[in-house]
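# Topology and contacts: notes
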Amino acid sequence: ELILFDPDYRLNKQRLRWQVFRRIGKRGLVRIEATNGDRVRSKVLACWLRVVGDNGETRLRVATGVRGDELLATPEEEAASERLDKEHEREAKEQEREAKEREREAKEAALTMVEHERCAKEAALARVRELEAAAKRPRR
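Calculation notes
- Residues numbered from 1 in each chain as written.
- Predicted model: local features only at pLDDT ≥ 70, side-chain atom pairs only at ≥ 80, totals over all residues.
- Heavy atoms only, no water.
- Helix = DSSP H or I, 4+ residues; strand = E, 2+ residues; numbered from the N terminus.
- Rg over C-alpha atoms; globule rule 2.2 N^0.38 Å.
- Buried < 20%, exposed > 50% of the residue type's maximum accessible area, 1.4 Å probe, protein only.
- Pairing = 2+ DSSP bridges.
- Axes fitted to C-alpha atoms, helices over the stretch in contact; angles between N-to-C directions.
- Core = buried A, V, L, I, M, F, W, Y, C linked by side-chain atoms within 4.5 Å.
- Contact = heavy atoms within 4.5 Å.
- Polar contact = N/O pair within 3.5 Å; in protein donor to acceptor, adjacent residues only side chain to side chain.
- 1 Å grid on protein atoms, 1.4 Å probe; cavity = no way out; pocket = protein on both sides within 12 Å on 5 of 7 lines; lining within 4 Å.
- Points joined across faces, edges and corners; volume = space filled by probe spheres on them.
- Nonpolar A, V, L, I, M, F, W, Y, C, P; charged D, E, K, R; others polar.

## Looking at the overall build of the protein chain
The number of helices and strands found in the protein chain is one helix and seven strands. Start at the N end of the protein chain and walk to the C end: the helices and strands fall as β-β-β-β-β-β-β-α. Rg of the C-alpha trace for the protein chain: 39 Å, well past the compact-globule value of 14 Å for 140 residues, more than 25% over. Principal-axis analysis of the C-alpha atoms places the extent of the protein chain at approximately 130 × 35 × 20 Å. Relative to its full complement of 140 residues, the protein chain shows a buried share of 16%.

Next comes the structure, spelled out in structure tokens:
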């Protein structure tokens, strides 16, 4: 398979952006596709070759999918995606840590409230005992 790409195809109406040649039997390389579209299928590579960008920013990209709509990530895009994944992971861990801290604080507050209630109950019972003892003593 031979795929020709002409980035300057617009300079001459007879030029084509893409030409795809494949070896067919004893005939050798035969042109099987000629198009000015933005992509062609490579049978040998089992992927698509696509043009992205415009006006000096034109680049060829490898794509997958039934119609070549899914671009393969460049090393820069993969690195950026990995950084983003790590950032999301870090944020998720931070949120989890904060949630655990809030849960711990809520448990401490609940324990403090229970302790205050216990102390208040003990004080009330002690006062009841004092009053009962005072009521049992003879009066003068």
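## Re the sheet that holds strand 3 (residues 29–35)
Pairing is antiparallel in the open sheet, where three strands are placed in the order 1-2-3. Each edge of the sheet is formed by a strand with only one pairing partner; in this case those strands are strand 1 (2–5) and strand 3. Averaged over all adjacent pairs, the angle separating strand axes in this sheet is 20 degrees, with direction ignored. Where strand 1 lies against strand 2 (residues 18–23), four bridges are found, and the strand directions are antiparallel. Within the sheet, the bridge partner assigned to L2 lies in strand 2 and is F21.

## Looking at unusual backbone geometry
Its identity is not glycine, yet A46 carries a phi of approximately 55 degrees, on the positive side. Looking at the element boundaries, A46 is found in the loop between strand 4 (39–42) and strand 5 (47–52).

## Some remarks on the nonpolar core
The biggest cluster of nonpolar side chains holds five residues, and these are W18, V20, V40, L49 and V51. Looking at this core, the elements with two or more residues in it are strand 2 and strand 5. With residues up to four places along the chain from it excluded, the contact list for V51 reads F5, R17, W18, D38, T58, R59 and L60.

## Here's the deal with the sheet that holds strand 4
Across the sheet, four strands lie side by side as 4-5-6-7; this open sheet has antiparallel pairing. Unpaired on one side and paired on the other, strand 4 and strand 7 (70–71) mark the two borders of the sheet. In the sheet, strand 5 pairs with strand 6 (residues 59–64) via five bridges, with the strands oriented antiparallel. The partner of R50 across the bridge, within strand 6, is R61.

## Focus on the side chain of D6
For D6, the location among the structural elements is in the loop between strand 1 and strand 2. In this structure D6 comes out as buried when scored by relative accessible area, which is 15%. At 2.9 Å, the side chain of D6 forms a polar contact with the backbone nitrogen of D8. A distance of 2.7 Å separates the side chain of D6 from the side chain of R15, its partner in a polar contact.

## Things to note about the layout of surface pockets
Approximately 180 Å³ is the volume found for the largest pocket. Here the lining of the largest pocket is built from residues that sort into five nonpolar, three polar and five charged.

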